[in-house]
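# Remarks on the overall topology
Residues per chain are reported as follows:
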Amino acid sequence: MAPAASPLADTARTGHGDDAAGLGRGRAAAFTAPALVLVAVFLVFPALWTLYLGVTDYRLTGVAASEPRFVGVGNYTGAVGDERFHRSLWLTLQFVVGSAVIGQTVLGFAVAWVLRERTGVLRRLVEGVILLAWILPGSVIAFLWIALLDRDGGTLNALLGTPGTAWLLDHPMACVIVFNIWRGTAFSMMLYGAALGNVPPSHLETARLAGASTWQTLRDAVLPRVRGHLLTGLLLVSLWTFNDFTPFLITAGGPDGRSEIMSVYVYRTALGDGRLGFGAAVSLVMLLINLVIALVYLRTLRGRESAGRERAGRVGAP
C-alpha cells in the first residue's frame with residue numbers, strides 16, 4: 001500500500017499555506033494589501049508627518065511654509081511654558097470629569113437601571129429620544145443648542161423667564177459640559193444596559209427577599225458583576241470626551257478662551273494662528289495624555305480582576 005501523502009507535501013505541491021482558508025502567503029497578501037494601503041495612507045503617514053511637523057517651525061504662510069527649520073523640542077518646551085496650554089489643559093480636565101466621568105457615566109447607568117425592567121412604548125420612546133441626541137449630526141445639534149441658549153430669543157430664557165441672559169457668554173464651560181452630557185449619554189446607556197442584562201435575575205430576587213434597599217442591591221449584587229463594563233465604558237467615554245471637538249461649534253473656544261479645551265486649542269493654534277509645527281507638537285502631547293489615561297484604566301481593571309480571582313480562589317479553597 002502506498003504511503004499517504006503528508007500535509008506538507010500537499011502544501012508544497014499546491015503552493016497553499018496551512019491557514020484555515022488555504023490561501024497561502026501570496027493570496028493572503030493580495031487580499032490584505034488594500035486594507036494595509038488604507039492604513040498606511042490614513043494612519044501611518046499622518047502619524048509620521050505629525051511627528052515631523054512637531055520638531056519644525058512649519059507654518060501655513062511665510063518663509064517657514066516653504067523652508068521650515070528644525071527646532072527639536074522647542075515646540076514642546078514652548079507648549080509647557082504657554083499659559084494658553086495650561087488653561088486649555090485645566091478646562092479639558094473639567095470637561096472630562098464633569099461630562100464623561102460624572103455626567104455621562106452616572107446618568108447613562110441611571111437611565112439603564114431605570115429602564116432595565118420597563119417594556120412597551122414608554123421604554124422605546126425614552127430610548128429613542130436619548131439615541132436621537134447621539135445620532136444627529138454635530139452641526140444640527142450645535143444649531144439646536146444655540147437656539148436654546150440664545151440671549152434674545154432663546155428657548156431656555158423663555159422657559160425660565162430670564163430674558164437677556166447670555167448663557168454662552170456667562171457660563172461657557174457649564175454649557176459645554178451639559179451639552180456633551182446630553183449628547184453622549186446614549187452610548188453609556190446602551191453599554192450599561194447590555195451589562196445589566198448579564199446580571200442573573202436570581203441575584204436581584206435574593207436581594208429583594210433579603211430586604212435590601214436599592215443602594216444595597218446596586219452595591220452588593222449589581223456593581224460587582226458589571227464593574228468591568230463600567231471601567232471599560234468610562235475609559236471609552238473619557239477618551240472620546242478628551243478629544244471631542246464638537247463644543248467648538250457652539251462657543252468656538254470663547255469668550256476669551258474660557259471654553260478653549262485642548263482640541264479647540266490645537267485647532268486655533270495650528271489653523272487659526274498658522275503654527276502647524278506647534279499645533280502638531282501639542283497634538284502629540286494630547287496623544288501621550290490619552291495613553292496615560294488608558295494605562296491607568298487598564299491597570300485598575302486588571303488589578304480588580306486579579307483581586308476577584310484571589311477572592312474566588314479563597315472561597316473555593318478547602
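Residues numbered from 1 in each chain as written. Predicted model: local features only at pLDDT ≥ 70, side-chain atom pairs only at ≥ 80, totals over all residues. Heavy atoms only, no water.

## With respect to the environment of V71
Looking at where V71 falls in the secondary structure, it is placed in the loop between α3 (63–66) and α4 (74–80). On the basis of relative accessible area, V71 is assigned to the partly exposed category, the value being 27%. Distance in space between the C-alpha atoms of V71 and G277 is 9.4 Å, their sequence separation being 206 residues. With residues near it in sequence (within four places) discarded, V71 still touches V55, T56 and D57. (Helix = DSSP H or I, 4+ residues; strand = E, 2+ residues; numbered from the N terminus. Buried < 20%, exposed > 50% of the residue type's maximum accessible area, 1.4 Å probe, protein only. Contact = heavy atoms within 4.5 Å.)

## Quick look at helix α7 (residues 138–149)
Between its first and last C-alpha, α7 extends 16 Å over 12 residues, near the 16 Å set by a 1.5 Å rise per residue. For α7, every residue scored as buried is listed here: I141, A142, W145 and L149. Each buried residue of α7 lies within a common arc of 100° when the element is viewed along its axis, so the set occupies one face. Residues S139 and F143 are exposed on α7 and point more than 90 degrees away from its buried face. (Expected span 1.5 Å × (residues − 1). Arc of directions from axis to C-beta.)

## What to know about the packing of helix α11 (residues 201–209) against helix α12 (residues 214–242)
In the contact formed by α11 and α12, the axes pass within 10 Å of each other and the chain directions differ by 170°. Here α11 is positioned roughly antiparallel relative to α12, judged by the angle of their axes. In this structure, α11 uses H203, L204 and A207 to contact α12, whose residues at the interface are T217, A221, V222 and R225. (Axes fitted to C-alpha atoms, helices over the stretch in contact; angles between N-to-C directions. Parallel < 35°, antiparallel > 145°, perpendicular 65-115°, else oblique.)

## Details of the environment of L284
In this structure, L284 sits in helix α15 (residues 276–316). Taking C-alpha positions, L284 is 7.9 Å from G54, a pair spaced 230 residues apart along the chain. Other than its neighbours up to four places away in sequence, L284 contacts T50, L51 and Y76.

## Regarding the pattern of salt bridges
For the structure on display, the rule yields 8 salt bridges. Ionic pairing is found between D57 and R69, a salt bridge with its closest N-O pair at 3.4 Å. Highlighted residues: D57 in the loop between α2 (24–54) and α3 and R69 in the loop between α3 and α4, separated in sequence by 12 residues. Take R69: its relative accessible area is 53%, and that puts it in the exposed class. Notably, a salt bridge pairs E260 with R84, separated by 2.8 Å at the nearest N-O pair. One end of the pair, E260, is in the loop between α13 (248–251) and α14 (262–272); the other, R84, is in helix α5 (residues 83–115), with 176 residues separating them in the sequence. For E260, a relative accessible area of 1% gives the class buried. Owing to a relative accessible area of 25%, R84 belongs among the partly exposed residues under this scheme. (Salt bridge = Lys/Arg side-chain N within 4 Å of Asp/Glu carboxyl O.)

## Re the packing of aromatic side chains
Any aromatic ring pair is given by two values, namely how distant the centres are and how the planes are angled relative to each other. Scanning the entire structure with this criterion turns up 12 aromatic pairs. Between W49 and Y52, the aromatic rings sit 5.2 Å apart at their centres with planes inclined by 35°, giving tilted as the arrangement. With W49 and Y52 both in helix α2, this residue pair falls 3 residues apart, about one helical turn. Using a relative accessible area of 37% as the deciding quantity, one classes Y52 as partly exposed. Relative to Y58, the ring of W49 has its centre 6.4 Å away and its plane inclined at 75°; by these criteria the two rings are edge-to-face. W49 sits in the partly exposed class, given a relative accessible area of 39%. Geometry around F278 places R275 over its ring, the cationic atom sitting 4.2 Å from the centre. (Phe/Tyr/Trp six-rings, centres within 6.5 Å; stacked < 30°, edge-to-face > 60°. Lys NZ or Arg CZ within 6 Å of the ring centre and 35° of its normal.)

## With respect to unusual backbone geometry
Generally, phi is negative for residues other than glycine and the peptide bonds are trans, each holding for most cases. In this structure, the amide linkage connecting G254 to the following residue, P255, adopts the cis form with an omega of -5°. Residue position: P255 is located in the loop between α13 and α14. Of note in this structure, A252 is not a glycine but carries a positive phi near 55°. Taking relative accessible area as the criterion, A252 reaches 34% and is therefore assigned partly exposed. Even without being a glycine, D256 presents a positive backbone phi close to 55°.

## Here's the deal with the side chain of T217
On the secondary structure map, T217 appears in helix α12. Discounting residues that sit within four places of it in the chain, T217 has contacts with W113, L204, A207, A212 and V222.

## Re the nonpolar core
In this structure, F85, F242, M262 and V282 are the most contacted members of the largest nonpolar core, which totals 18 residues. Contributions of two or more residues to this core are made by α5, α12, α14 and α15. The leading source of residues in this core is α15, at 7 residues. Each residue touching F242, except ones within four places of it in the same chain, is listed here: T92, V96, M262, M286, I289, N290 and I293. (Core = buried A, V, L, I, M, F, W, Y, C linked by side-chain atoms within 4.5 Å.)

## Quick word on a nonpolar patch on the surface
On the surface, a nonpolar cluster with roughly 860 Å² of combined accessible area is contributed by V37, L38, V39, V41, F42, L43, V44, L48 and L51. As for its placement among the helices and strands, V37 is situated in helix α2. (Patch = residues over 30% accessible without salt bridge, like charges linked within 9 Å, V, L, I, M, F, W, Y side chains within 5 Å. Areas by Shrake-Rupley, 256 points an atom, 1.4 Å probe, with all protein chains shown as cover.)

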